[in-house]
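Each chain is listed here by its residues.
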Amino acid sequence: MGINLDNGVELRNIAILGSTGSIGTQALEVIRQNPERFKAFILTANGNASLLIKQALEFNPKYVVIAQESKLEEVRSALKNSNTEVFFGTDELCSILERPEIALVLTAMVGFAGLIPTLAAIKAGKNIALANKETLVVAGELVTSLAKHHGVKILPVDSEHSAIFQCLAGEEHNPIEKIYLTASGGPFRGKDRKFLATISRKDALKHPNWVMGEKITIVSASLMNKGLEVIEAKWLFDLNPSQIDVIVHPQSIVHSLVQFTDGSIKAQLGLPDMKLPIQYAMAYPKRMANDFPRFNFMDFPNLSFEEADKKTFRNLDIAFFALNTGGNMPCVINAANEIVVAEFLKEQITFLRMSEIIEKCMSEIEFISKPSLEDYIETDRITRILANQFVTNSKF
Ligand code: NDP
């Protein structure tokens, strides 16, 4: 719930799931600059106890939750003289997400781990600021129908989806003909597969325009991130796959575009700074003043657009195939992708091997056309096992 203060300003209690990550820390920066508007009510981390403790001491949340039980004592002991209660694990997180004081849940954890807490927050009637795209990739139908049932808003944080959401403001009754998701093309734009065969972890972690967590940086380089965003867009905006197109825009200034049935196109522009879509989702439907750097047209006299290279970067077609196939197929690509990215980061497999293993998992995991939540959990589990087997089995 928002609390109306005497000055008419609403103070929103925000639960930040994944507060120690790239999105989470930027969300806390927005809170730091707007203490009269937002309060960090829950902060969570996987294993980064020291940063979680530091954040708790600064923001004084009601609760913190650490996912790794081995870190629980460290966090409890550091916060024993504070007002913050400390919990651990998904079950405890899901139960405190029901607290009536919470106005908005920002899902900023990475990966499949976001699914269960997001579903719990929706069931508790909380509006969601969704950064954790994996939730919609894995179980878009389940999540969006549950949100509809509970009257919950899903506010996109991903910059492309936030752009589309902003373009759609005031257009509620006007059908969309098509959306264009922009992609920077990543650090290997214009390169061929021979080049991709040689690249290292360090090369792939150098994104030209955005500073992000490691997983999303790697999947931006492999274009799987754009593929996941295509699936995310389908569910957020209720589109057919044929209504979604990807266009490479190396400057990352036009964050995405909507074409309406009269052929008119609306775009949202701005400097590449995730604080902007984070703040938009947190303050929605209001726009809040800030001192973020402003876009200067003279710094970008040429904004360019080009076709995505689907031959070199196979992941885009893989994602479209999964989207068209439906069922548990997007869940398979998500789970396989999480494994291959982790293994690439550990330098256990090459860059090109990532797509090969994902495709192999897609052909081997049993297809389920109408999965239940349990089916998604099982698909995720067995796909991870299979993908790990392919990682160690170099023959395939
Ligand atoms: P980071 O890797 O920087 O942060 C991930 C956060 O999730 C950390 O707080 C981490 O805790 C926590 N976490 C990781 N694993 C688990 C787990 N198993 N259980 C609970 N918490 C976990 O990721 P990003 O901030 O880059 O990305 C977060 C999400 O936002 C992703 O879904 C990403 O695709 C999406 N996104 C990110 C963008 C960006 O600019 N970074 C842009 C658009 C979308 P700990 O620190 O303890 O490991």
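Residues numbered from 1 in each chain as written. Predicted model: local features only at pLDDT ≥ 70, side-chain atom pairs only at ≥ 80, totals over all residues. Heavy atoms only, no water.

**A short note on the overall build of the protein**
In step 1: Along the protein, the regular secondary structure elements total 16 helices and 13 strands.
In step 2: Taken over C-alpha atoms, the radius of gyration comes to 21 Å for the protein, in line with the 21 Å a tight globule of 396 residues would show.
In step 3: Projected onto its principal axes, the C-alpha positions of the protein cover 60 × 50 × 40 Å.
In step 4: When burial is assessed residue by residue, the protein has 55% of its 396 residues classed as buried.
In step 5: For the protein, the share of sequence-separated contacts (at least 6 apart) that also reach a separation of at least 24 residues comes to 67%.
In step 6: Accessible surface, the protein: about 17,600 Å² in total, of which carbon and sulfur atoms supply 51%.
In step 7: In the protein, which carries 41 positive and 46 negative side-chain charges, the distance between the mean positions of the two groups comes to 3 Å. (Helix = DSSP H or I, 4+ residues; strand = E, 2+ residues; numbered from the N terminus. Rg over C-alpha atoms; globule rule 2.2 N^0.38 Å. Buried < 20%, exposed > 50% of the residue type's maximum accessible area, 1.4 Å probe, protein only. Contact = heavy atoms within 4.5 Å. Areas by Shrake-Rupley, 256 points an atom, 1.4 Å probe, with all protein chains shown as cover. Lys, Arg positive; Asp, Glu negative; His and termini not counted. Charge placed at Lys NZ, Arg CZ, Asp CG, Glu CD.)

**What about the sheet that holds strand β13 (residues 306–307)?**
In step 1: In spatial order, the strands read β12-β11-β9-β10-β13; together these five strands make up an open sheet with mixed pairing. Each having just a single partner strand, β12 (265–269) and β13 make up the two edges of the open sheet.
In step 2: Contacts from helix α7 (residues 159–167) reach β9 (176–183), β11 (254–260) and β12 within the one sheet, and its direction differs from that of β11 by about 40 degrees.
In step 3: Most of the contacts of helix α11 (residues 224–237) go to β9, to which it runs at about 155 degrees, and overall it touches β9 and β10 (244–248). (Pairing = 2+ DSSP bridges. Axes fitted to C-alpha atoms, helices over the stretch in contact; angles between N-to-C directions.)

**A closer look at the site of the ligand**
In step 1: Residues in close proximity to the ligand total 24 residues, the closest being Thr 20, Gly 47, Asn 48, Glu 134 and Asp 158.
In step 2: One of the backbone nitrogen or oxygen atoms of Val 110 is found 3.4 Å away from an oxygen atom of the ligand.
In step 3: Relative to its free-state accessible area of 900 Å², the ligand is covered by the protein chains to the extent of 83%.
In step 4: Counted by class, the shell around the ligand contains eleven nonpolar, ten polar and three charged residues. (Near = heavy atom within 4 Å. Polar contact = N/O pair within 3.5 Å; in protein donor to acceptor, adjacent residues only side chain to side chain. Nonpolar A, V, L, I, M, F, W, Y, C, P; charged D, E, K, R; others polar.)

**Here we look at the pattern of salt bridges**
In step 1: Counted under the stated rule, the structure contains 22 salt bridges.
In step 2: Here Glu 134 makes a salt bridge to Lys 215, at a shortest N to O gap of 2.8 Å. One end of the pair, Glu 134, is in helix α6 (residues 133–150); the other, Lys 215, is in helix α10 (residues 214–221), and 81 residues separate them in sequence. Taken individually, Glu 134 and Lys 215 each receive the classification buried, so the pair is uniform in this respect.
In step 3: A salt bridge links Glu 338 to Arg 384, with the nearest nitrogen and oxygen atoms 2.8 Å apart. With Glu 338 in helix α14 (residues 329–345) and Arg 384 in helix α16 (residues 373–392), this pair connects stretches of sequence that are 46 residues apart.
In step 4: Counted as one network, the salt bridges with shared partners bring together Lys 133, Asp 158, Glu 160, Lys 226 and Glu 229. (Salt bridge = Lys/Arg side-chain N within 4 Å of Asp/Glu carboxyl O.)

**Topic: the state of the cysteines**
In step 1: All chains considered together, the criterion is met by zero disulfides.
In step 2: Cysteine Cys 331 shares no disulfide, and the gap to the nearest cysteine sulfur, in Cys 361, comes to 11 Å. (Disulfide = S-S within 2.5 Å.)

**Observations concerning the side chain of Asn 225**
In step 1: Structurally, the position occupied by Asn 225 is in helix α11.
In step 2: What makes Asn 225 buried here is its relative accessible area of 5%.
In step 3: When neighbours within four sequence positions are excluded, Asn 225 is seen to be in contact with Lys 133, Ile 216, Val 219 and Ser 220.

**Considering the packing of aromatic side chains**
In step 1: Applying the stated criterion across every chain yields a total of ten aromatic pairs.
In step 2: Seen from their ring centres, Phe 165 and Tyr 280 are 6.4 Å apart, and the 75 degrees between their planes marks the pair as edge-to-face. Residue Phe 165 is found in helix α7, and its partner Tyr 280 is found in helix α12 (residues 275–283); the two are separated by 115 residues along the sequence. Across the pair, exposure class does not vary: Phe 165 and Tyr 280 are buried alike.
In step 3: A centroid spacing of 5.4 Å and a plane angle of 80 degrees characterise the contact between Phe 188 and Phe 351, whose relative ring orientation is edge-to-face. Taken together, the residues span a long stretch of sequence, with Phe 188 in the loop between β9 and α8 (193–196) and Phe 351 in helix α15 (residues 351–364) at a distance of 163 residues. Here the two residues Phe 188 and Phe 351 agree in accessibility, since each one is buried.
In step 4: A connected cluster of aromatic rings, assembled from ring pairs, spans Phe 188, Phe 195, Phe 344 and Phe 351.
In step 5: The aromatic ring of Phe 195 is capped on one face by Lys 191, whose charged end is 4.9 Å from the ring centroid.
In step 6: Over the face of the ring belonging to Phe 292 we find Lys 275, whose NZ or CZ atom lies 5.1 Å from the ring centre. (Phe/Tyr/Trp six-rings, centres within 6.5 Å; stacked < 30°, edge-to-face > 60°. Lys NZ or Arg CZ within 6 Å of the ring centre and 35° of its normal.)

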